[in-house]
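Below, each chain spelled out in residue letters.
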Amino acid sequence: MINLEIPRKFEFLVGQAHQVATEIFRAGSRKYDGAEHSYPKELDMLAAVIEGMNEGGALSGAGAGGVGGSNGSSKNENGNRNGSNMASLLGLIELCWGDVGLLLTMPKQGLGQAAIAAVANEEQLKRFGGKWAAMAITEPEAGSDSAAIRTTATLEGDEYVLNGEKIFVTAGDRAELIVVWATLDRKQGRAAIKSFVVERDNPGLKLDRLEHKLGIRASDTANFVLDNVRIPKENLLGSAEIAPKGGFSGVMQTFDNTRPLVAGMAIGVARACLERTRELLDEAGVEIDYDAPPHVQSAAASEFIAMESDWEAARLLTLQAAWMADNKKPNSLQASMAKAKAGRVGTDIALRCVALAGATGYGEGDLLEKWARDVKILDLFEGTQQIQLLIVARQLLGKTSAELK
Ligand SMILES: Cc1cc2nc3c(=O)[nH]c(=O)nc-3n(C[C@H](O)[C@H](O)[C@H](O)COP(=O)(O)OP(=O)(O)OC[C@H]3O[C@@H](n4cnc5c(N)ncnc54)[C@H](O)[C@@H]3O)c2cc1C
């Protein structure tokens, strides 16, 4: 039997996240969409509250910060575990129902923490855990093909020296740490790519510019030049060994944690679109009868029901991927399926809701207009729609990346 209820122990978390989403995120949505690159100071107070709650154990993993490490939860009587991956996902869905741009710039969070949690050792977890961490993979010549990374890391005595360029780093300007992907030896291909933790105030890390964007304008997106960035050699995450087989999998494990979260963001935004559209349809006198077949309903009602079922399918896939992570089951396939489905469905729903709402949906007087711009990134970063489908196909067909590209 499928149990679709929120686990009781997370009800408080979801309720708190919803309140924050309503009172802080929704309230600041338009302001920080308009004031791109200005820091949403309301979030500082919120971060302090969340930190306090985390320490008290009330919110184990309300954002990406809590993902992937030991989840500290015990199995229930059915042998199931709902831990920090599920908690993070449920919290994120609520917060993104409020505003995904603001979620992406929450202090003490950041997708870089998922990278740290995926491969850090105990000592590194102590040093870096709980800090605001961005993730820098993309370069001018390496987007979807992350194996093409050119940023180099060279060991000099007790330090690695990093040189190269990183672009489109979410929260790169505001974070405390940046997890940088770099190669130890370009000749050895993907096996030599490792992740390194760089303090944001490292003098070699030079901010080149901040991007202006279609959506998520509350979130800063930074481009950097790495000019002799010196870091202690203990800041390499995972093993320094270049193992030809499986070497890339260390850094790639990050995505098993982050892709369900990005899928969750799309689910949150899409739910906001559906709820707002339902209100507008109600106001327009459109009746929706869930017991009646589509052909006896109005076109708007049957379109709405179809969108809701697509949304539910995306949500269930995403819950499954997070549940598998909490239960230590390999979830690469499900993480990519969830990201592909939720990214596409989120974008589709947002645009179809704008269409159903007509001019109301297109104008700045309604948040539907903003959500339709914000949601697109969720089908793009952490691997585009096409890349997720490629990964799913490789896994199902048992092909390597060299065999299917
Ligand atoms: C707002 C924003 C925030 C971002 N944040 C981060 C961040 O925090 N950290 C980070 O490292 N990166 C970040 N990125 C970068 C993002 O992850 C990349 O843009 C993404 O991976 C795609 O890379 P690309 O832009 O180089 O496109 P390309 O890889 O050049 O792709 C262009 C198109 O070709 C398609 N394509 C590429 N290869 C294939 C293939 N083999 N088969 C089929 N289709 C293919 C793609 O799907 C896409 O449609 C961010 C980007 C944006 C816009």
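Please refer to the structure higher up on the page.
Our subject in this report is the structure included herewith. (Residues numbered from 1 in each chain as written. Predicted model: local features only at pLDDT ≥ 70, side-chain atom pairs only at ≥ 80, totals over all residues. Heavy atoms only, no water.)

Here we come to the site of the ligand. Taken together, 20 residues surround the ligand, and among them Met 135, Thr 138, Ser 144, Phe 168 and Thr 384 come closest. Met 135 is positioned with one of its backbone polar atoms (N or O) 2.7 Å from a nitrogen atom of the ligand. Contact distances for the ligand include 2.7 Å between an oxygen atom and a backbone N or O atom of Ile 137. Going through the elements one at a time, strand 1 (133-136), strand 3 (159-170) and helix 12 (385-397) are the ones with two or more residues in the shell around the ligand. (Near = heavy atom within 4 Å. Polar contact = N/O pair within 3.5 Å; in protein donor to acceptor, adjacent residues only side chain to side chain. Helix = DSSP H or I, 4+ residues; strand = E, 2+ residues; numbered from the N terminus.)

Attention shifts here to the pattern of salt bridges. Applying the stated criterion to the full structure yields 30 salt bridges. Of the charged contacts in the structure, one is a salt bridge between Glu 156 and Arg 230, with a shortest N-O distance of 2.9 Å. Residue Glu 156 is found in strand 2 (residues 152-156), and its partner Arg 230 is found in strand 7 (residues 221-232); the two are separated by 74 residues along the sequence. When its relative accessible area of 39% is taken as the criterion, Arg 230 is described as partly exposed. The shortest N-O distance in the salt bridge between Arg 344 and Asp 348 comes to 3.8 Å. With Arg 344 and Asp 348 both in helix 9 (residues 332-357) and four residues apart, this pair spans about one turn of that helix. Since its relative accessible area comes to 34%, Arg 344 is described here as partly exposed. Each of Arg 30, Asp 33, Glu 369 and Arg 373 takes part in one network of salt bridges that share partners. (Salt bridge = Lys/Arg side-chain N within 4 Å of Asp/Glu carboxyl O. Buried < 20%, exposed > 50% of the residue type's maximum accessible area, 1.4 Å probe, protein only.)

The next subject is the pairing of strand 3. Side chains on a regular strand alternate between the two faces of the sheet. Direction of pairing for strand 2 relative to strand 3: antiparallel, over a ladder of five bridges. Paired with Ala 153 across the strands is Leu 162, a residue of strand 3. What sits between the antiparallel neighbours strand 2 and strand 3 is a turn of two residues, in which Gly 157 has the positive phi angle 65°. (Pairing = 2+ DSSP bridges.)

A few words on helix 1 (residues 11-34). In a regular helix each residue adds 1.5 Å, so 24 residues correspond to 34 Å; helix 1 covers 33 Å between its end C-alpha atoms and thus fits that length. Where helix 1 bends most, the angle comes to about 40°, and this point is Gly 28. All buried positions along helix 1 are accounted for by Leu 13, Val 14, Ala 17, Val 20, Ala 21, Phe 25, Gly 28, Ser 29, Tyr 32 and Asp 33. (Expected span 1.5 Å × (residues − 1). Bend = angle between axes of the 7 residues up to and from the residue.)

For any two helices packed against each other, one specifies the inter-axial angle together with the distance between the axes. Their axes nearest at 11 Å, the elements helix 1 and helix 11 (residues 367-374) cross at an angle of 70°. Judged by the angle between their axes, helix 1 and helix 11 are roughly perpendicular. Helix-helix and strand crossings are classified by hand; for helix 1 and helix 11 the assignment is left-handed. Within the contact between the two elements, helix 1 uses Arg 26, Ser 29, Arg 30 and Asp 33 and helix 11 uses Leu 367, Glu 369, Lys 370, Trp 371 and Arg 373. Residues that form the contact of helix 1 with helix 11 fall into these classes: two nonpolar, one polar and six charged. (Axes fitted to C-alpha atoms, helices over the stretch in contact; angles between N-to-C directions. Parallel < 35°, antiparallel > 145°, perpendicular 65-115°, else oblique. Left-handed = near helix turned anticlockwise from the far one by under 90°. Contact = heavy atoms within 4.5 Å. Nonpolar A, V, L, I, M, F, W, Y, C, P; charged D, E, K, R; others polar.)

Quick look at the packing of aromatic side chains now. Any pair of aromatic rings gets described here by the distance separating the centres and the angle formed by the planes. Tallied over the entire structure, the rule returns two aromatic pairs. An angle of 70° between the planes, with centres 5.2 Å apart, marks the rings of Tyr 160 and Phe 196 as edge-to-face. Of this pair, Tyr 160 sits in strand 3 while Phe 196 sits in strand 5 (residues 193-199); the two residues are 36 residues apart in sequence, bridging distant segments of the chain. In this structure Phe 196 comes out as buried when scored by relative accessible area, which is 0%. Both rings, one in Trp 181 and one in Phe 255, keep their centres 5.8 Å apart while their planes meet at 50°; by these two values the pair is tilted. Here the residue Trp 181 occupies a position in strand 4 (residues 177-183), and Phe 255 occupies one in helix 7 (residues 249-283), the gap between them amounting to 74 residues. In this structure, Arg 26 packs its charged tip against the face of Trp 97, placed 3.8 Å from the ring centre. Between the NZ or CZ atom of Arg 259 and the centre of the ring of Phe 255, over which it lies, the distance is 4.1 Å. (Phe/Tyr/Trp six-rings, centres within 6.5 Å; stacked < 30°, edge-to-face > 60°. Lys NZ or Arg CZ within 6 Å of the ring centre and 35° of its normal.)

On to the pairing of strand 4. The buried fraction of strand 4 amounts to seven of the seven residues, a majority that puts the element mostly inside the structure. Of the two faces of strand 4, the one holding Leu 177, Val 179, Trp 181 and Thr 183 and the one holding Ile 178, Val 180 and Ala 182 are both buried throughout. Pairing geometry for strand 1 and strand 4, over four bridges, is parallel. Bridge pairing in strand 4 links Ala 133 to Leu 177. Strand direction decides the pairing type here: strand 4 and strand 5, joined by seven bridges, are antiparallel. Within strand 5, the position partnered with Val 179 by the bridge is Val 197.

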